Amino acid sequence: MIKLLPTKHLLLIAAISALLALVLIVLPEEETNDSGQISFEANFEVIDQSQLMLHDLQKLTPKNNIPFSNNSEQQLSDTNYEIPAPQALVKKVSPPTFKTQAVEVKSGDSLSKILSKAGISAQDIYKVSQADKKQKTLLQMRPGQEINFTTNEVSGELTHLTLVLNRLDSVTFERNDDKFSRSEASRTPEVNQTYKEAEINSSLFVDGLKAGIDQPLLIELANIFGWDIDFALDIRKGDSLSVLYEEKFLDGEKIGNGNIIAAQFINNGRTYQAIRFQTEKGASYYTPDGLAMRKAFIRTPVDFTRISSKFNPNRLHPIFKTSRPHRGVDYAAASGTPVKAAGDGKVSFAGKQNGYGNVVIIDHGKGYQTLYAHLKGFARGTKRGARVKQGQFIAYVGQTGWATGPHLHYEFRINGTHKNPVTVKLPNDDPMPKKDLQKYLPYAKQVVATLANSHSPTFAQKLASLKD
Ligand SMILES: [Zn+2]
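The rules behind these values
Residues numbered from 1 in each chain as written. Predicted model: local features only at pLDDT ≥ 70, side-chain atom pairs only at ≥ 80, totals over all residues. Heavy atoms only, no water. Pairing = 2+ DSSP bridges. Helix = DSSP H or I, 4+ residues; strand = E, 2+ residues; numbered from the N terminus. Axes fitted to C-alpha atoms, helices over the stretch in contact; angles between N-to-C directions. Contact = heavy atoms within 4.5 Å. Phe/Tyr/Trp six-rings, centres within 6.5 Å; stacked < 30°, edge-to-face > 60°. Buried < 20%, exposed > 50% of the residue type's maximum accessible area, 1.4 Å probe, protein only. Donors = N, O, S within 2.8 Å, 3.2 Å for Na, K, Ca; no water. Tetrahedral: all angles 85-135°; square planar, octahedral: opposite > 155°, others 65-115°. pLDDT = per-residue confidence, 0-100. Salt bridge = Lys/Arg side-chain N within 4 Å of Asp/Glu carboxyl O. Core = buried A, V, L, I, M, F, W, Y, C linked by side-chain atoms within 4.5 Å. Patch = residues over 30% accessible without salt bridge, like charges linked within 9 Å, V, L, I, M, F, W, Y side chains within 5 Å. Areas by Shrake-Rupley, 256 points an atom, 1.4 Å probe, with all protein chains shown as cover.

Re the sheet that holds strand β5 (residues 179-186)
Then comes step 1: Strand order in the open sheet formed by five strands is β1-β2-β3-β4-β5, with antiparallel pairing between adjacent strands. Single-partner strands in this sheet number two, and they are β1 (98-104) and β5. When the angles between neighbouring strand axes are averaged without regard to direction, this sheet yields 15°.
Then comes step 2: Contacting β3 (158-164), β4 (169-176) and β5, helix α6 (residues 122-131) runs over the sheet at an angle of about 50° to β5.

Some points on the packing of aromatic side chains
Then comes step 1: Under the counting rule described, the total for this entry stands at 10 aromatic pairs.
Then comes step 2: Considering the side-chain rings of Tyr372 and Tyr410, the 5.4 Å spacing of their centres and the 35° angle between planes classify their relative orientation as tilted. With Tyr372 in strand β16 (residues 368-378) and Tyr410 in strand β19 (residues 407-414), this pair connects stretches of sequence that are 38 residues apart.
Then comes step 3: You can call Tyr372 buried: its relative accessible area is 0%.
Then comes step 4: A connected cluster of aromatic rings, assembled from ring pairs, spans Phe277, Tyr286, Tyr440 and Tyr443.

Topic: the coordination of the zinc ion
Then comes step 1: Summarising the metal site, the zinc ion is bound by the protein donors His326 (NE2), Asp330 (OD), Asp330 (OD) and His409 (ND1), whose distances to it range over 1.9 to 2.7 Å.
Then comes step 2: Here the zinc ion is ringed by four donor atoms whose angles at the metal span 53 to 154°, and the overall shape comes out irregular.
Then comes step 3: One chain supplies every donor to the zinc ion, and in sequence these donors are spaced H-x3-D-x78-H. Residue His326 is found in the loop between β11 (306-309) and β12 (329-332), and its partner His409 is found in strand β19; the two are separated by 83 residues along the sequence.

Some words on the confidence of the model for the protein chain
Then comes step 1: Across the protein chain, the average pLDDT comes to 83, with 78% of residues at 70 or higher.
Then comes step 2: Counting interchain partners and residues more than four positions distant, the pLDDT-below-50 stretch residues 1-5 has 10 contacts.

Overview of the pairing of β4
Each regular strand displays side chains that alternate between the two surfaces of the sheet.
Then comes step 1: Sheet analysis places β3 next to β4, joined by five bridges and oriented antiparallel. For His160, the partnering residue across the bridge sits in β4 and is Glu174.
Then comes step 2: The hairpin formed by β3 and β4 contains four residues between the paired strands.
Then comes step 3: Across eight bridges, β4 lies against β5 in antiparallel orientation. Residue pairing across strands places Thr172 opposite Ser183, the latter belonging to β5.
Then comes step 4: Hairpin connection between β4 and β5: a loop of two residues separates the two successive antiparallel strands, and Asp177 in this loop has a positive phi of roughly 55°.

Focus on unusual backbone geometry
Leaving glycine out, the prevailing phi sign among residues is negative, and the prevailing peptide bond configuration is trans.
Then comes step 1: One non-glycine residue, Asn268, lies in positive phi territory at about 50°.
Then comes step 2: Position of Asn268 relative to the elements: it lies in the loop between β8 (253-267) and β9 (270-279).
Then comes step 3: If you check the backbone angles, Asn415 has positive phi at about 50° while not being a glycine.
Then comes step 4: Inspection of the secondary structure puts Asn415 in the loop between β19 and β20 (417-419).

With respect to the pattern of salt bridges
Then comes step 1: Applying the stated criterion across every chain, the model contains 17 salt bridges.
Then comes step 2: The shortest N-O distance in the salt bridge between Arg182 and Glu184 comes to 2.7 Å.
Then comes step 3: On the basis of relative accessibility, which here comes to 55%, the residue Glu184 falls in the exposed class.
Then comes step 4: Here Lys389 and Asp344 are joined by a salt bridge, their closest N and O atoms 3.8 Å apart. Of this pair, Lys389 sits in the loop between β17 (387-388) and β18 (393-397) while Asp344 is found in the loop between β13 (338-340) and β14 (345-353), placing the two residues 45 residues apart along the sequence.
Then comes step 5: Among the ionic contacts, a cluster of salt bridges with common partners joins Asp124, Lys127, Glu157, Arg175 and Asp178.

With respect to the nonpolar core
Then comes step 1: Counting 26 residues, the largest nonpolar core has Val339, Tyr372, Ile394, Leu408, Tyr410 and Phe412 as its most contacted members.
Then comes step 2: Of all elements in the fold, only β12, β15 (357-365), β16, β18 and β19 reach the threshold of two or more residues within this core.
Then comes step 3: Counting 22 residues, the second largest nonpolar core, distinct from the first, contains Ala198, Leu221, Leu241 and Met293.

Things to note about the pairing of β19
Then comes step 1: In terms of burial, β19 is largely enclosed, as eight of its eight residues are buried.
Then comes step 2: Across the two faces of β19 the burial is the same, with His407, His409, Glu411 and Arg413 and Leu408, Tyr410, Phe412 and Ile414 all buried.
Then comes step 3: Pairing of β12 with β19 involves four bridges; the strand directions are antiparallel. Across the sheet, the residue bridging to Val329 is Tyr410, located in β19.
Then comes step 4: Across six bridges, the pairing between β16 and β19 is antiparallel. Bridged to Gln369 within β19 is Arg413.

Considerations on the sheet that holds strand β7 (residues 239-250)
Then comes step 1: Strand order in this open sheet of five strands is β6-β7-β8-β9-β10, and the pairing throughout is antiparallel. Of all strands in the sheet, those with a lone pairing partner are β6 (190-200) and β10 (282-286), marking the two edges. Strand-to-strand, the axes of this sheet are offset by a mean angle of 25°, without reference to chain direction.
Then comes step 2: As judged from the five bridges shared by β9 and β10, these two strands associate in the antiparallel manner. Each residue of the ladder has a partner; that of Arg276, found in β10, is Tyr285.
Then comes step 3: Against the sheet, helix α8 (residues 215-225) engages β7, β8, β9 and β10, with an angle of about 35° to β8.

Observations concerning a nonpolar patch on the surface
Then comes step 1: Together, Phe304, Ile307 and Val422 make up an exposed nonpolar region whose accessible area comes to about 220 Å².
Then comes step 2: Its place among the elements puts Phe304 in the loop between β10 and β11.
Then comes step 3: Of the residues examined, Phe304 reaches a relative accessible area of 35% and is grouped as partly exposed.

Thoughts on the side chain of Thr151
Then comes step 1: Along the chain, the position of Thr151 falls in strand β2 (residues 146-152).
Then comes step 2: According to the relative accessible area criterion, Thr151 is buried, its value standing at 9%.
Then comes step 3: Setting aside chain neighbours within four positions, we find Thr151 in contact with Thr97, Phe98, Lys99, Ile120, Gly156, Glu157, Leu158 and Thr159.

Structure below.
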């Protein structure tokens, strides 16, 4: 068929082919110009030219291409036949250049807001969010996080997106044809052990901070030793604290603290040691012998303002003016203050009882019972037979029954005998299982030795004087 074309047309094809070849030769040189990139404008020009040529060409080329015969015109025919479509031509002449941008997430930002501002098509935004459909991480982006994304400058397509969640974690979306794949990455910080000690002259927090122990660590220390030491009442000038804990580093920079490995507190001449250990039930703190630092009961089941009446087996009753023992302790607190279960157990009574008003009694097993009286009302689920956990809200402070003001009347009974809730020796929480203890004891010995080796001479001296 080619042979049938008029010579004039064949010449024109040859001319266009030559022009195309020129474009192919000239453009790569442009890549090495000052900017090192081909600008969008340049690419558009190429498209325009090629479209023009193709348009002309289509007029000239027969509709049905017939296999070419192996003749002298082969070269010409081949050139004609292989003229690429405009898009493919552009791809060939200018390999895609990629542009990467980093945007900090601001308050009120969303994925689509950030990406559409950067000129990403709604289609690509949809595709990326589809890859995150299950996890919804992109929906939960927070101010201060960073989004990095890369676009193909030629096609405008989004090719890569990373949401940096924090210094350790990120989520990445990578384009594969028309879909995005999602992957998560986490960096592991380097963990070092650090030792600090402090002498308490005003308070745990004041002197702890002075010694360079961060506040969250001090709160944790107060929780670890809080079962044995009342930090508001029991602290004495000259008490001492030492702590071995983890510090996390990333690229040589401290990024935070890890766990408290072990700690020691000298309070009013007594020494307490706590070591962190992981058992099947989770991580907890134990004495070097493997007893739980936690007690089976919290000392005070309510946040109170003052003790309005002490435990007194021979008291004169304030209303009846007769000698009637006060077999509990009264904690004055605002009406409605939540009351906590002192320990794990089962509600054996929740209802009205004459002088007690609304009252809850909890059986804790092993002969332990606690009683909470004058309640305004009960928390949802507090009824006879219900299982409760230590610290769980069970009721609210009130002044029902024989009470002169809002307070919690709290009783602590062991095998039916009333004990003073403020001073009763509280049993330790369940001991460590035997198989854990086998692993724990040699570990604890090692940690205690590490602590001892870290003590300053002053601290070591103080400790030695206590042991004598
Ligand atoms: Zn009372």
